[in-house]
Structure formats: structure tokens, C-alpha cells
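# Descriptive structure summary
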Amino acid sequence: MSHFTRRALPALGLGLAAPAIASAQSFPTRNISIVVPFAAGGPTDTVARLIAQGMTANLGQNVIVENVAGAGGSLGAQRTAQARPDGYSLLVHHIGMSTIPTLYRRLAYDPVNGFETIGLITEVPMTIVARRDFPANNLQELIEVVRRDRERINLANAGIGAASHLCGLLFQSALNVPLTTVPYRGTAPAMADLMGGRVDILCDQTTNTTQQIASNQIRAYAVTTRERVASLSDLPTAAEAGLPNFEVSVWHGLYAPRGTPAPVVERLSQALQAALREPSLVERFAALGTAPVAQARATPAAHREFWQADIARWRPVIQAAGQFAD
Ligand code: ASP
């Protein structure tokens, strides 16, 4: 049964269901808001603003980004799960949608059933970076310094459940060294403090680190994908630099509140696909080390299937680590 049908059923008759069909056909008639659950200027924000431009052109209505940061991305997700399911309140989130259902055992919204999936957007490599004057010239030296000075070194992240938190956990467990972590409302403010030398190390998406690496404002040690990234071709993979099996990439997807009519979700998915085909977006993504997903993955069904499998993939990992947000 489609979500549209499920929503129309309580109306017990075509009289009330018909306006929903009409409104789906004329959708959208006003501005659409996309919640980004992290601070402005960071990697999730960058991805959301790029698709918002293309969706605005395709839908003929403004698609506006709103930052609702906090609690590792769960506050913004809650805002969307509890919004009216009419297609005007959307969410761009990342891999945290797969980890929050296990990490957070008490939430004011349903982190799995609270959403309609609209489509996947992109998968972004991460980079291990440090403040500009960090005393290590390569990943091996970074590892040595971290092992030696573990008491004094800290690791910035965007809160429990954020991609930077997961990558940081992997880093600590690969080295078997617990570090002090400094949580921010997104990795944009974390990056500002890294550039200011107020924190030491960060693991973050190339969408937030490429420019700073290229302009030598921070030090970069490795990219967390199996292959090198074309826009940062001098940067070794973690495996090349001595950390085997250290692979993380951060997928982003677009969501609506559960109960949003299926025709509206479908229209939004078409707009997303059109945005992802825009040459200017493809070019910008490439400059930031990423690419749009193939069109078949920017669909509600492919997104849901991938997300559900990813929740199942992360659940045992988080449970085994015993690290919960509460
Ligand atoms: N992507 C970042 C993270 O999860 C958060 C952000 O977009 O600011 O760490």
C-alpha cells in the first residue's frame, strides 16, 4: 500500500481524498524548506544548498535551507519527523540516519519510521586533518604523536552520531588510544577552531576540507576511501599511509515526514534527480571530491533499501562498542 493510499484511507471516501490528489498535482505552490541538522557552512549544509539550487529551478518555487543544529544531527531530524507531511518540510541528513536509531535509545521521534525517503544524493570521502602547526608530517608520525601525547591531544567532532564522531571512533579504535573529544554543532565551527589552532585533529568530509587543505590552512594526512580522490590526488589513502581497512564514506539523503503523499514524494524525487544532473552541480561536487549518485539511487525505493541495510550494518557495531548517546 502506498503511503498516499494509507493517508487517504481514514477519509473513508473519495470526497476527502480528492483534494489531496489535486494538491499533489499542483505541488508545490509555495517555498519549500530543507532542514540541515548541522551548522551552516559545513559539509551537509554545502550538499543541501547545492541541491536546493537545482530543485528550485526544477520546481519553480524557492527551496530554502534552514540549519537546525544540535545533538549530533538528531534535533533537525526530529523537527522534520514532526513537521506537517505536505512536502514543504524536508531534511538533508547523512550516515547519522543509520547510527542514530541505535546510538540514541531515547528520542522524541521515530528515527526509522518517522520519514519518507526521497532519494540518495552523494557519497563523500572523509579526510584525516589536523591544525596547521601539528607536529607530524605524515600519518605514521601523526599516529606516533597521538600515542605519545594522548593526554594532551583532542579530536573535534559534530556530536554523537555525526560522521566526524564515527570516523573519530574508528581512528581511536584503530590506534587503541582514547582521546578527549570536543563536540560542535557541526563541522563548520569545528573547522574554524581547527584553523585557529584551538583543537588538534578532525576527521571530516572532503566537502568541508578540500579548500582548507589546498590553501594550507590545515594539515591533511589521509583520505578514507579505497582509492585516492582526484581533487586531492597528492593525499594518500589511509591504507597507503599505514592504516589498513580504514574506510568511511558519508552518504547523504533527502527525506520528508512520514505520511507525505506518494505523488508529492515522487515529484520531489524527480526534482532531486534533475538537480543532480545539473552540470554546475556535478562540477562543484567534483571540485569537492565527490559526485552525485547514479539516477537509479536518487529514488525513494533505492534510498529506503540502502538506509535500512545501513541501519542493520551499524547496529551490531554500535552495540558491540557499547557506546550510546544516553
Ligand atoms: N558532516 C559533519 C559531521 O557529521 C557535520 C556537518 O555537516 O557539519 O561531522
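Every residue gets a number counted from 1 within its own chain, in the order that chain's sequence is written. Per-residue local features are limited, in this predicted model, to residues with pLDDT of at least 70; the limit for side-chain atom pairs, both in listing and counting, is 80 or more; totals at the level of whole chains, interfaces and linings are taken over all residues. With hydrogens and water set aside, each side-chain value is computed from the structure's full complement of heavy atoms.

- Under an unreviewed UniProt entry, the name given to the protein chain is Tripartite-type tricarboxylate transporter receptor subunit TctC, and the source organism is Roseococcus suduntuyensis.
- Note on the protein chain: under the UniProt heading Sequence similarities (unreviewed entry), the record states "Belongs to the UPF0065 (bug) family." UniProt positions are given in the numbering used here, feature names are shortened, and annotations may be inferred rather than shown by experiment.

### Focus on the packing of aromatic side chains
- Ring pairs shown here join Phe, Tyr and Trp side chains whose ring centres sit within 6.5 Å, with only the six-membered ring taken for Trp; geometry is labelled stacked below 30 degrees between planes, edge-to-face above 60, and tilted in between. Here the structure, examined in full by the defined rule, presents 6 aromatic pairs.
- Consider the rings of F115 and Y255, whose centres lie 5.7 Å apart with planes at 70°: the pair is edge-to-face. Of the two residues, F115 is situated in strand β4 (residues 115-131) and Y255 in strand β9 (residues 249-257); the sequence distance between them amounts to 140 residues.
- Accessible area is worked out with a 1.4 Å probe on protein chains only. A residue is then buried under 20% of its type maximum, exposed over 50%, and partly exposed in between. When its relative accessible area of 0% is taken as the criterion, Y255 is described as buried.
- Through successive ring pairs, a cluster of aromatic residues spans Y109, F115, Y255 and W307.
- Cation placement over rings: the criterion is NZ of Lys or CZ of Arg within 6 Å of the ring centroid and within 35° of the ring normal. For R30, the ring lying beneath its charged end belongs to Y88, and the centroid distance is 3.8 Å.
- When the ring centre of F306 is taken as origin, the NZ or CZ atom of R297, which lies over that ring, is 5.1 Å away. The helix and strand labels rest on DSSP assignments: H or I over at least four residues marks a helix, E over at least two residues marks a strand, and numbering proceeds from the N terminus.

### Some points on the state of the cysteines
- For the purposes of this analysis, a disulfide is any pair of cysteine sulfur atoms at a distance within 2.5 Å. Enumeration over the complete set of coordinates arrives at 1 disulfide.
- The residue that forms a disulfide with C167 is C203, at a sulfur-sulfur distance of 1.8 Å. Judged by the sign of its S-S torsion, about 45°, the cystine formed by C167 and C203 is right-handed. Taken as a pair, C167 in helix α7 (residues 163-175) and C203 in strand β7 (residues 201-205) lie far apart in primary sequence, 36 residues in all. The same class applies to C167 and to C203, which are both buried.

### Focus on the packing of helix α8 (residues 187-195) against helix α9 (residues 206-214)
- Two numbers describe how α8 lies on α9: the axes approach to 11 Å, and their chain directions differ by 20°. Overall, the two elements α8 and α9 adopt an arrangement that is roughly parallel. Crossing hand, α8 versus α9: right-handed. Across the interface between the two elements, T187, A188, M191 and M195 from α8 touch N208, T209 and Q212 from α9.
- Each residue gets one of three labels, nonpolar for Ala, Val, Leu, Ile, Met, Phe, Trp, Tyr, Cys and Pro, charged for Asp, Glu, Lys and Arg, and polar for the others, Gly among them. Class assignment for the residues of the contact of α8 with α9 results in 3 nonpolar, 4 polar and no charged. Axis definition: a line fitted to C-alpha atoms, limited for helices to the stretch in contact. Angles are taken between N-to-C directions and run from 0 to 180 degrees. We call two directions roughly parallel when the angle between them is under 35 degrees, roughly antiparallel when it is over 145, roughly perpendicular when it lies between 65 and 115, and oblique otherwise. The crossing is said to be left-handed when, going from far helix to near helix, the turn is anticlockwise and less than a right angle, and right-handed when the turn is clockwise. Only heavy atoms matter for contacts: two residues are in contact if any of them lie within 4.5 Å across the pair.

### Considerations on the pattern of salt bridges
- Throughout this description, the term salt bridge denotes a Lys or Arg side-chain nitrogen within 4 Å of a carboxyl oxygen of Asp or Glu. Summed over the entire model, instances satisfying the criterion amount to 14 salt bridges.
- Note that D133 is salt-bridged to R131, the shortest N-O span being 2.8 Å.
- Assessed through its relative accessible area of 17%, R131 is described here as buried.
- Within this structure, R30, R84 and D86 form a network of salt bridges that share partners.

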